[in-house]
Amino acid sequence: LLSTILAVSSGMVVGPEGPMVHLGAIVGSGFTSGRKVITLACPNLLGPRFGPAWFVHRINFDMQFLMRFRSDRDRRDFISIGAASGFAAAFGAPIGGVMFALEEAASFWSPTLMWRTLT
């Protein structure tokens, strides 16, 4: 996630759509977990006098209302919707994002998924 954000913000020649589709899919996948613990670790560059060798911080995301989206089908749908959202954000074209997800990102497409993506 961090490398994709840094690649886009630094202006690397990766194109706008690839990293944005990837970020959208990561966010969509994260919504299906319900409970997530992110561990951030940073080395202590000031030396041992200023604390431990590594600073570790844990962030707990506990979203109980998302616990019902735990099935494989919901996960696949959320990843497809996230990829479509990333594509739409990269080009400013929401219908284009849905068409991209329909053609490339979704392995199983249903009319329900199309309406979820558009709303």
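Report follows, based on the coordinates. All values derive from a computational prediction rather than experimental measurement.

### Concerning the packing of helix H1 (residues 2-9) against helix H2 (residues 17-31)
Okay, step 1: At a minimum axis separation of 10 Å, H1 and H2 run at an interaxial angle of 150°. On the basis of the axis angle, H1 is roughly antiparallel to H2. The interaxial crossing formed by H1 with H2 has left-handed handedness. Facing H1, whose interface residues are Thr4, Ile5 and Val8, H2 presents Pro19, His22 and Leu23.
Okay, step 2: Within the contact of H1 with H2, the residues separate by chemical class into four nonpolar, two polar and no charged.

### Topic: the packing of H2 against helix H3 (residues 72-91)
Okay, step 1: Across the interface, H2 lies against H3 with an axial gap of 7 Å and an inter-helix angle of 145°. Of the two elements, H2 crosses H3, and the hand of that crossing is right-handed. Residue-level contacts link Glu17, Met20, Val21, Gly24, Ala25, Gly28, Ser29 and Phe31 of H2 to Arg75, Phe78, Ile79, Gly82, Ala83, Gly86, Phe87, Ala89, Ala90 and Phe91 of H3.
Okay, step 2: By residue class, the composition of the contact of H2 with H3 is 11 nonpolar, five polar and two charged.

Thresholds applied
- Throughout, a residue's number is its position along its own chain's written sequence, starting from 1.
- Totals for whole chains, interfaces and linings use all residues, but because this is a predicted model, local features are given only for residues with pLDDT of at least 70 and pairs of side-chain atoms are given and counted only at 80 or more.
- The side-chain values count all of the structure's non-hydrogen atoms but skip hydrogen atoms and water molecules.
- Where helices are involved, their axes are fitted lines through C-alpha atoms of the stretch in contact, as for all axes, and angles between N-to-C directions lie from 0 to 180°.
- Elements are defined by DSSP. Helices are runs of H or I of four residues or more, strands are runs of E of two residues or more, and each kind is numbered from the N terminus.
- Our angle categories are set so that under 35 degrees counts as roughly parallel, over 145 as roughly antiparallel, 65 to 115 as roughly perpendicular, and the remainder as oblique.
- By convention, the crossing between two helices is left-handed when the near helix turns anticlockwise from the far helix through less than a right angle, and right-handed when the turn is clockwise.
- Two residues qualify as a contact provided that any one of their heavy atoms is within 4.5 Å of a heavy atom in the partner residue.
- Residues are grouped as follows: Ala, Val, Leu, Ile, Met, Phe, Trp, Tyr, Cys and Pro are nonpolar; Asp, Glu, Lys and Arg are charged; all remaining types, including Gly, are polar.

Coordinates in, geometry out; function isn't part of it.
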